[in-house]
Amino acid sequence: MTMNLQVEGMRKAFDGRTVLEDVSFRVDPGQVFAIIGPSGAGKTTLLRCVDFLQRPDGGSVRYAGREAPTDPASLLALRRRLSLVAQSPLMFRGSAAYNVSFGLCVRAVEGSELTRRTAEALAAVGLRDRSDSAASKLSAGEAQRVAFARAIVIRPEILLLDEFTANLDPPNVRILEAAVREFSASTGATVVLVTHNLFQAKRLATRVALLLDGRIVESGPVKEFFEAPQDARTRAFVQGDFAY
Amino acid sequence: MLTLAGDIAAITLLSVFISGTSTLVATAIAVPLGVTLGLREVGSQRLLRNILFTLYGLPPVLAGLLVFLLLSRAGPLGSLGLLFTPLGMVFAQVVVVTPIILGVTMSVVATVERRVKETALVLGADRRQLSITVLREAAAGILTAVMVGFGRAISEVGAVFIVGGHIETRTQVLTTTIITDIQQAEFGHATLLGVILLVIAGVVYSLLYRLQERTLP
Amino acid sequence: MHFRLGRRWLAALVAGVILLVAVGVYISLPRGYLLMATTTSTRDTGLLPYLLPEFTADTGIEVRYTAVGTGQALDAGRRGDVDVVMVHAPSLETQFVAAGDGRCRNLVMYNRFVLVGPAADLAGVRTASTTTEALRRIHDTASRFVSRADGSGTHTKELELWAAAGLDPSSFGAWYERTGQGMGATLTIANERDEYTLSDDGTWYAREDSLAFLSLLYGSGDPVDPVLQNQYSVIPVNPATHPAVLGERALEFARWLVGARGQALIGAFTVNGHTIFTPNGVGAC
């Protein structure tokens, strides 16, 4: 099962300050869509709106062509097909395995299937031997890997990554990026990656978009985007003329 | 009118029974309610909180008086025949202890990191699963609420005196006996019972602390 | 798995609550014993722990009591929360029966009131020839006096005595103090603060050893000054107005108290070597 994501004209303001002005883009299954831009540009807000943590002031979001349902049961069902990894994860009280299997338990997966899939997810992020460690005792990098495993073990159709390797050391970044690649290749899911790291975007993305002043300034396939950007602002951004 | 060791044991047992039962009942009512209310981020919560803080300050003697009037044969629940009985005393203490456990639970749940709720929601938790997750994360704080509640119950004297009547061998507990001992100048006996009270509280608290340690991350 | 853990604790909690409440019901209902409301002085003299087991041995009926002030004891009867009432306030008792709450009033026994106070007795109570004179001396010397002020039989008697001496306590100065408590507590306070007070002799003799700074000053001579007599009565609560009371057992208790056996036991009761109660039982039920 796959699902594409279509955002049109999204608007969001906080306390009179407009964060998202008119954001539109589309991500198809199998793609890794990177959204880059300066900090505070609204990238996190965008993802939170997609995953129903916040409500946009205007615009629409379509999942597999349909807007989100209004009745709670259907909305919950839709939500369970999405996953989000935030920048610094929150670990629940318990072991790494407990955290990873949380989403499975929510979806009433139990017994040997739960154990198997949990072990697989932990192995995918190189933490098979830390399965029973207390999650609160994990390092920042390990915790983020657990959070990633927790997000993908449920086989989401749309995976949202919000600066998910920011502040991590290179070994952890490598492991997580490899896991993203593996996930995308094996499931063909729709992946949206918000990052301010241009190099990461180059490494992981199939398409890239620049979010500036609340709008998508330009988007395109990764090669063209970096080698031959069309918009002057894009050119300035990828050349490093912006501080970000 | 010194009582023998067996009598002291009986009095102690009844004290523990009444305070333990009322704390448990109050927990069963207050914790689910507290988690539910604590999770709601509604403006009307201010009204609720005002009501709750007033109930916090409900003097146990007043609670005792109200329960007395309720359970008396001349009162609305008189046909139950619960006045001057241990069950009536449990009822009175439940009235005293529930607002306390409720308030602390609500407070603990409201201050559970917002990210706990968000993470659970993002992972697809429904309301029931969210409540249980929050409860798990707030478990240490909730056990504190229970400890505070029990402390209030075991040391309470006004309500149990009024509703229980301090009937020897029937509704006689440690705290009411300390009062009557003092009235009869049996200070040594009163002190002994006071020490027993402290020991009980200490034992119960250490058990709850041990439980609480297991709930820390 | 994650959310079933919550279920296990919840199930344990609910089971625990049900079990404990069931135990609570078992030890609370039904009330199989005769419940009496009486005054603290009946308890403080030690009479009840002496007398009641004898009644139970004779009749097989268990009696328990709640010792509160006279006012509250009669109120408990009025509410139908107790089966029988034993107090020492004749005027209030008569009202109680007249209102239909009491079935019948049986005189049981009397003891006496005495004046106790500091051994130095600066007011000269010891040498007074009448109760009125004794109280006047306390008033005129503004010696500290503590009153129970709790609507009890003792307090009622105290007010009557002041009135008989032509004095009004509401106009007294700071030397007149009020505790609002029972006899034992009031005696303790009088002892701490070197005060005069009116006490029933039973509580006095029971507590004498712990009241080092007080002495019995007036009223212990024979015959008892009628004005200092403290009459106790036992009144079964009226089942006609309060159907839930154990009417038959209450009757049996009252009859036993005023019968030969009860009266003999009462007459034989001593506190620290003093016989304090004079049985004068009159059955009216």
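As the structure is a computational prediction, the values presented were derived from the model and not from experiment.

**Focus: the overall build of chain B**
Part 1 of the argument: Along its length, chain B carries 10 helices and zero strands.
Part 2 of the argument: The secondary structure elements of chain B, listed N-terminal to C-terminal, are α-α-α-α-α-α-α-α-α-α.
Part 3 of the argument: When the backbone C-alpha atoms are referred to their principal axes, chain B occupies close to 65 × 40 × 25 Å.
Part 4 of the argument: Scored against the burial criterion, the 217 residues of chain B give a buried share of 47%.
Part 5 of the argument: Here the contacts in chain B between residues at least 6 apart in sequence split such that 76% fall between residues at least 24 apart.

**Focus on the overall build of chain C**
Part 1 of the argument: Scanning chain C for helices and strands turns up 11 helices and 12 strands.
Part 2 of the argument: Referenced to the eigenvectors of the C-alpha coordinate spread, the extents of chain C come out at roughly 85 × 50 × 35 Å.
Part 3 of the argument: Looking at chain C as a whole, 47% of its 285 residues are labelled buried.
Part 4 of the argument: Relative to all contacts within chain C whose residues are 6 or more apart in sequence, the contacts with residues 24 or more apart total 77%.

**As for the environment of K223(A)**
All names here are of chain A.
Part 1 of the argument: Among the secondary structure elements, K223 is positioned in helix α9 (residues 222–227).
Part 2 of the argument: Taking the number of C-beta atoms within 10 Å as the measure of exposure, K223 has 11 and is therefore exposed.
Part 3 of the argument: Linking K223 and K202, residues 21 residues apart in sequence, is a C-alpha distance of 8.1 Å.

**A few points about the domain arrangement of chain C**
Residue and element names in this part refer to chain C.
Part 1 of the argument: Entries for chain C in the domain assignment read domain 1 (34–110 + 229–282) and domain 2 (112–227).
Part 2 of the argument: Computed from C-alpha atoms alone, the centre-to-centre distance between domain 1 and domain 2 is 25 Å.
Part 3 of the argument: Taken residue by residue, the interface counts 19 residues in domain 1 and 21 residues in domain 2.
Part 4 of the argument: Those elements giving two or more residues to the side of domain 1 that touches domain 2 turn out to be α2 (40–44), α4 (70–79) and β9 (229–236).
Part 5 of the argument: With three residues, α2 is the single largest residue contributor to the side of domain 1 that touches domain 2.
Part 6 of the argument: Of the residues belonging to the side of domain 1 that touches domain 2, the class tally is five nonpolar, 13 polar and one charged.

**Overview of the nonpolar core**
Part 1 of the argument: Counting 199 residues, the largest nonpolar core has V192(A), V84(C) and V85(C) as its most contacted members.
Part 2 of the argument: It is helix α4 (residues 86–110) of chain B that provides the largest number of residues to this core, a total of 16 residues.
Part 3 of the argument: Sequence-distant contacts of V84(C), defined by excluding residues within four places in its chain, comprise L34(C), M36(C), V234(C), I235(C), P236(C), V237(C), A250(C), F253(C) and A254(C).

**Thoughts on the interface of chain B and chain C**
Part 1 of the argument: Listed by partner, the interface residues are 28 residues for chain B and 33 residues for chain C.
Part 2 of the argument: Mapped onto the side of chain B that touches chain C, the elements with two or more residues apiece are α1 (5–39), α4 and α6 (127–137) of chain B.
Part 3 of the argument: Considering every element that reaches the side of chain B that touches chain C, the biggest residue donor is α1(B), with five residues.
Part 4 of the argument: Classifying every residue of the side of chain B that touches chain C by side-chain character gives 15 nonpolar, 10 polar and three charged.

**Description of the environment of R150(A)**
Residues and elements named next belong to chain A.
Part 1 of the argument: Here R150 is to be found in helix α6 (residues 140–152).
Part 2 of the argument: For R150, a count of 30 C-beta atoms within 10 Å corresponds to the buried category.
Part 3 of the argument: Setting aside chain neighbours within four positions, we find R150 in contact with N99, V100, F102 and G103.

**Remarks on the pairing of strand β2 (residues 17–27) of chain A**
Residues and elements named next belong to chain A.
Part 1 of the argument: When strand β1 (residues 5–14) meets β2, the two strands line up antiparallel, connected through seven bridges. In the sheet register, Q6 faces β2, and the bridge partner there is R26.
Part 2 of the argument: Hairpin connection, β1 to β2: the antiparallel pair is bridged by two residues, and D15 has positive phi, about 50°.

**Considering the packing of α1(B) against α4(B)**
Part 1 of the argument: Across the interface, α1(B) lies against α4(B) with an axial gap of 6 Å and an inter-helix angle of 35°. Handedness of the crossing formed by α1(B) with α4(B): right-handed.

**Concerning the environment of G173(C)**
Residue and element names in this part refer to chain C.
Part 1 of the argument: By secondary structure assignment, the location of G173 is in the loop between α7 (153–164) and β6 (176–178).
Part 2 of the argument: For G173, a count of 7 C-beta atoms within 10 Å corresponds to the exposed category.
Part 3 of the argument: Each C-alpha atom, one on G173 and one on G102, is 39 Å from the other, the two residues being 71 residues apart in sequence.

**Points about the packing of helix α3 (residues 47–59) of chain C against helix α10 (residues 247–258) of chain C**
Residue and element names in this part refer to chain C.
Part 1 of the argument: Relative orientation of the contacting elements α3 and α10 amounts to 115°, with a least axis distance of 11 Å. Regarding the angle of α3 to α10, the classification is roughly perpendicular. Pair α3 / α10 crosses with right-handed handedness. Contact with α3, carried on its side by F55, D58 and T59, involves E252, F253 and W256 of α10 and no other residues of that element.
Part 2 of the argument: Looking at side-chain class alone, the contact of α3 with α10 contains three nonpolar, one polar and two charged residues.

**Considering unusual backbone geometry**
Most peptide bonds adopt trans geometry, and most residues besides glycine take a negative phi value.
Part 1 of the argument: The omega torsion of the bond from L29(C) to P30(C) falls at -10°, within 30 degrees of zero and hence cis.
Part 2 of the argument: With respect to the secondary-structure elements, P30(C) resides in the loop between α1 (2–28) and β1 (34–39).
Part 3 of the argument: Positive phi values are uncommon outside glycine, yet F52(A) reaches one of about 65°.
Part 4 of the argument: Considering the arrangement of structural elements, one finds F52(A) in the loop between α1 (43–50) and β4 (58–63).
Part 5 of the argument: The partly exposed category is assigned to F52(A), around which 17 C-beta atoms lie within 10 Å.

**Description of the pairing of β1(A)**
Part 1 of the argument: With five bridges joining them, β1(A) and β4(A) adopt antiparallel strand pairing. Counterpart to L5(A) in the pairing with β4(A) is Y63(A).

**What to know about the confidence of the model for chain C**
Part 1 of the argument: Summarising the model, chain C shows a mean pLDDT of 91, and 99% of its residues fall at 70 or more.
Part 2 of the argument: The ipTM assigned to the predicted complex is 0.92, against a pTM of 0.84.

Conventions and cut-offs
- All residue numbers refer to position in the chain's written sequence, counted from 1.
- Written order decides the labels, with chains lettered from A and ligands numbered from 1.
- Where local features are concerned, this predicted model is filtered to residues with pLDDT of at least 70; where side-chain atom pairs are given and counted, the filter is 80 or more; whole-chain, interface and lining totals use all residues.
- Helix and strand definitions here come from DSSP, where helices need a minimum of 4 consecutive H or I residues and strands a minimum of 2 consecutive E residues; each element is numbered from the N-terminal end.
- Three exposure classes are used, all based on how many other C-beta atoms lie within 10 Å of a residue's own C-beta (placed from the backbone): buried at 20 or more, exposed at 12 or fewer, and partly exposed between those limits.
- Here, residues touch in the contact sense if the C-beta positions derived from the backbone fall within 7 Å of one another.
- An automatic or database domain assignment supplies the start and end points of every domain.
- For this scheme, ten residues count as nonpolar: Ala, Val, Leu, Ile, Met, Phe, Trp, Tyr, Cys and Pro. Four count as charged, namely Asp, Glu, Lys and Arg, and the remainder, Gly too, count as polar.
- We call a set of buried Ala, Val, Leu, Ile, Met, Phe, Trp, Tyr and Cys residues a nonpolar core when their C-beta atoms link them within 7 Å.
- If DSSP finds at least two bridges between two strands, the strands pair.
- Angles run from 0 to 180 degrees between N-to-C directions of axes, and those axes are lines fitted to C-alpha atoms, restricted for helices to the stretch in contact.
- Take the far helix as your reference; a near helix turned counterclockwise from it by less than a right angle gives a left-handed crossing, and one turned clockwise gives a right-handed crossing.
- By the definition adopted for this analysis, an angle is roughly parallel if under 35 degrees, roughly antiparallel if over 145, roughly perpendicular if from 65 to 115, and oblique otherwise.
- The quantity called pLDDT is the predictor's confidence in a given residue, expressed from 0 to 100.

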